[in-house]
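Here are the chains, one letter per residue:
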Amino acid sequence: DQQVKQNSPSLSVQEGRISILNCDYTNSMFDYFLWYKKYPAEGPTFLISISSIKDKNEDGRFTVFLNKSAKHLSLHIVPSQPGDSAVYFCAASAKTGTASKLTFGTGTRLQVTL
Amino acid sequence: GAGVSQSPRYKVAKRGQDVALRCDPISGHVSLFWYQQALGQGPEFLTYFQNEAQLDKSGLPSDRFFAERPEGSVSTLKIQRTQQEDSAVYLCASSFSFSGNTIYFGEGSWLTVV
């Protein structure tokens, strides 16, 4: 029962172009969404997040879009740089009264080529 | 240190051996999480502490897994009688507040059971 899905295991984008990473979720109780970036042999690093009360959040080259009716979110990276090459995980959380534990997707490996 | 610190980074255990994985969270962080990441998968929630109290252990896969955080700071994840399916990266994460949605991960402890 995969509640957070990243259907594209990999993506290759040319340097300077836009990278679009997609994520779908099934649990309507999710109210907070995050993107993490992971380099080999390192832990995931927080990138950007969005609350369910918003439909867009922007931070520099990174923008996350949320479409609640479609239960879909996407991460846009513009312009893409070689240092962006990593595995990107989408994660979601639902308030349970204690801490918000995260449910992760399986990741999308982004390769930015020269 | 500035980040979440985990040790050992790499551990090879013989099947049936007990292992202990240590996590030193960011100073002052109240919430501490353990996640398990199998090869090619996203991290999966194991357990959560708020200070020294273990408030959620719903993700622990069996009673061979045990976690503690006796003084509300350092945490240890113990796996008894390890089996091959326990081979994974064990990630520790912490956040400042009780309901902190942005959690910060350590680099992980890579466990291989042979």
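Bear in mind that the values here come from a model prediction, so they are computed numbers and not experimental data.

**Q** Could you give me a rundown of the sheet that holds strand 1 (residues 5-7) of chain B, with the residues and numbers involved?
**A** Residue and element names in this part refer to chain B. Taking strand neighbours across the sheet as the criterion, the four strands line up as 1-3-8-7 in an open arrangement whose pairing is antiparallel. A single partner strand is all that each edge strand has here, and the edge strands are strand 1 and strand 7 (65-68). Pairwise comparison of adjacent strand axes, ignoring direction, gives a mean angle of 15° for this sheet. Sheet topology places strand 7 next to strand 8 (residues 75-79); four bridges connect them, and they run antiparallel. Paired with F65 across the two strands is I79, which belongs to strand 8.

**Q** Help me get a handle on the nonpolar core, residues and values and all.
**A** All names here are of chain A. Ranked by internal contacts, the top residues of the largest apolar core, which has 24 residues, are F30, F33, W35, L73, L75, I77 and Y88. Those elements that place two or more of their residues in this core are strand 3 (19-25), strand 4 (32-38), strand 5 (45-51), strand 7 (62-67), strand 8 (72-77), strand 9 (86-93) and strand 11 (108-113). Of the residues forming this core, the biggest block, four residues, is contributed by strand 9.

**Q** Could you give an account of the pairing of strand 9 of chain A, with specific residues and numbers?
**A** Each regular strand displays side chains that alternate between the two surfaces of the sheet. Residue and element names in this part refer to chain A. Judged by how many residues are buried, strand 9 sits mostly within the fold: eight of eight residues are covered. Note: strand 4 against strand 9, seven bridges, orientation antiparallel. Bridge pairing in strand 9 places Y36 opposite F89. Here three bridges tie strand 9 to strand 11, and the two strands are oriented antiparallel to one another. Bridge assignment links A86 to a residue of strand 11, and that residue is L110. When strand 9 meets strand 10 (residues 102-104), the two strands line up antiparallel, connected through three bridges. The partner of S93 across the bridge, within strand 10, is L102.

Definitions and cut-offs
- Each chain has its residues counted from 1, following the order in which its sequence is written.
- Chain letters and ligand numbers both follow the written order, the letters beginning at A and the numbers at 1.
- This being a predicted model, a pLDDT of at least 70 is required before a residue's local features are given, and a value of 80 or more before pairs of side-chain atoms are given or counted; all residues contribute to the totals for chains, interfaces and linings.
- In computing side-chain properties, one takes all heavy atoms of the structure into account and sets aside hydrogens as well as water.
- Should DSSP find at least two bridges between two strands, the strands are taken to pair.
- The numbering of helices and of strands both runs from the N terminus, where a helix is a DSSP run of H or I of at least 4 residues and a strand a run of E of at least 2.
- Here, axes are lines fitted to C-alpha atoms. For helices the fit covers the stretch in contact, and angles between N-to-C directions go from 0 to 180 degrees.
- Here, nonpolar core means buried Ala, Val, Leu, Ile, Met, Phe, Trp, Tyr and Cys residues that are tied together by side-chain atoms lying within 4.5 Å of each other.
- Accessible area is worked out with a 1.4 Å probe on protein chains only. A residue is then buried under 20% of its type maximum, exposed over 50%, and partly exposed in between.

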